[in-house]
Amino acid sequence: MHFDIFTLLPEIFPPYLDTSILKRARQRGLISVDVHNIRDYSHDKHHTTDDTPYGGGGGMVMKVEPVFEAVESVLGKNGGVPVILMTPQGRVFNQSIAQEFSRNEKIALLCGRYEGVDERIRKNLVTDEISIGDFVLTGGEIPALILIDAISRLLPDVLGDPTGAEDDSHSNGLLEYPHYTRPPEFRGEGVPEILLSGDHAKIEKWRREQSLLRTLKRRPDLLEKANLSDEDRKFLSRLKEEK
Ligand code: SAM
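Residues numbered from 1 in each chain as written. Predicted model: local features only at pLDDT ≥ 70, side-chain atom pairs only at ≥ 80, totals over all residues. Heavy atoms only, no water.

Turning next to the site of the ligand. Residues in contact with the ligand amount to 20 residues; listed here are only the nearest, Met86, Gln89, Gly112, Phe135 and Leu137. In the environment of the ligand, an oxygen atom lies 2.6 Å from a nitrogen or oxygen atom belonging to the backbone of Met86. Between the ligand and the protein, one listed contact pairs a nitrogen atom with a backbone N or O atom of Glu115 at 3.0 Å. Here the ligand has 590 Å² of accessible area as a free molecule, and 85% of this is covered by the chains. Of the pockets mapped on this structure, the ligand occupies the largest pocket. Sorting the residues of the shell around the ligand by element identifies strand E5 (83-92) and strand E7 (128-131) as the ones contributing at least two each. For the shell around the ligand, the element with the most residues is E5, which contributes four residues. (Near = heavy atom within 4 Å. Polar contact = N/O pair within 3.5 Å; in protein donor to acceptor, adjacent residues only side chain to side chain. Areas by Shrake-Rupley, 256 points an atom, 1.4 Å probe, with all protein chains shown as cover. 1 Å grid on protein atoms, 1.4 Å probe; cavity = no way out; pocket = protein on both sides within 12 Å on 5 of 7 lines; lining within 4 Å. Sits in = over half its atoms within 2 Å of the grid points. Helix = DSSP H or I, 4+ residues; strand = E, 2+ residues; numbered from the N terminus.)

Here Gly188 shows up in the loop between helix H6 (141-152) and helix H7 (193-196). Gly188 sits in the exposed class, given a relative accessible area of 61%. (Buried < 20%, exposed > 50% of the residue type's maximum accessible area, 1.4 Å probe, protein only.)

Domain annotation of the chain identifies domain 1 (2-152) and domain 2 (169-242). When each unit is reduced to the centre of its C-alpha atoms, the spacing between domain 1 and domain 2 is 38 Å. (Domains from an automatic or database assignment.)

There is about 490 Å³ of room inside the largest pocket. Along its surface, the largest pocket is lined by 25 residues, and Met86, Thr87, Pro88, Glu115 and Gly116 are the ones closest to its centre. Counting only elements with at least two residues in the lining of the largest pocket, the list comes to E5, helix H5 (119-124) and E7. For the lining of the largest pocket, the element with the highest residue contribution is E5, accounting for five residues. By residue class, the composition of the lining of the largest pocket is 11 nonpolar, nine polar and five charged. Of the volumes computed, that of the second largest pocket is approximately 350 Å³. (Points joined across faces, edges and corners; volume = space filled by probe spheres on them. Nonpolar A, V, L, I, M, F, W, Y, C, P; charged D, E, K, R; others polar.)

For the rest of this paragraph, the subject is the sheet that holds strand E2 (residues 32-37). Strand order in the open sheet formed by five strands is E2-E1-E6-E5-E7, with parallel pairing between adjacent strands. Either end of the sheet is taken by a strand with one partner, and the two such strands are E2 and E7. Each adjacent strand pair in this sheet contributes to an overall mean axis angle of 35°, direction not counted. Note that E5 and E7 share five bridges and pair parallel. Looking at the pairing, Val92 lines up with Ser131 of E7. Lying on the sheet, helix H3 (residues 64-75) is in contact with strand E1 (2-7), E2, E5 and strand E6 (106-110); it crosses E1 at an angle near 160°. (Pairing = 2+ DSSP bridges. Axes fitted to C-alpha atoms, helices over the stretch in contact; angles between N-to-C directions. Contact = heavy atoms within 4.5 Å.)

Taken together, the side chains of Asp161, Glu166, Asp167 and Glu204 make up a negatively charged region of the molecular surface. By secondary structure assignment, the location of Glu204 is in helix H8 (residues 200-218). (Patch = residues over 30% accessible without salt bridge, like charges linked within 9 Å, V, L, I, M, F, W, Y side chains within 5 Å. Salt bridge = Lys/Arg side-chain N within 4 Å of Asp/Glu carboxyl O. Lys, Arg positive; Asp, Glu negative; His and termini not counted. Charge placed at Lys NZ, Arg CZ, Asp CG, Glu CD.)

What follows is the structure, encoded as structure tokens:
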């Protein structure tokens, strides 16, 4: 899958993209990322990319021409590639949006700065708007990296373990079960016996129940949409009765 990033601060990207799983995914050709500096598409003497807002008030606004030129030079004018604006006003990112985006061969991510982008960019160039949560950051670069990370780990072969993302929290609508590794005892606290039993069917059942228990305690809202079996429902009713 290919990502085109449009930003005023390209230097933010390499340190993260050159690390760990994303680095390996790029080296193996599973993902590719091109970072485009919007400033390169501004042609006045000072390579201006922002201006004061019409109507007055503080802050600066990202200008329409360099952003259009950057995106159209790289992607062409015919559309076809999703152009996603990072904005606190977009739909809030989650695992199912990551899954939805992971089905594209190519996506473009547009990072805002200052007060954001001229509204005509949002109306006429952008195909989707994504927020990473109900708070405001100084720029869209970290949100863009969050999208690249969450999407890439869903692509085939990116994770070492091919089933690695399947049990992750939010993948099946539930939170994941707890994990333990060596040592078997730390400061007087052991590991659940069942995990040391070698009985895979029982471990599987315990993990499913822990996942349900955890979701019920921490995020009961998720259970309304989760895909639950009859056995899951019985277990949850028992838990609620005990409570
Ligand atoms: N004035 C804008 C507003 O109130 O909607 C906020 C602009 S913010 C200071 C600058 C840029 O950071 C935005 O254009 C966007 O690209 C990015 N940004 C900030 N918060 C974000 C969030 N929660 N999700 C995605 N992008 C965000």
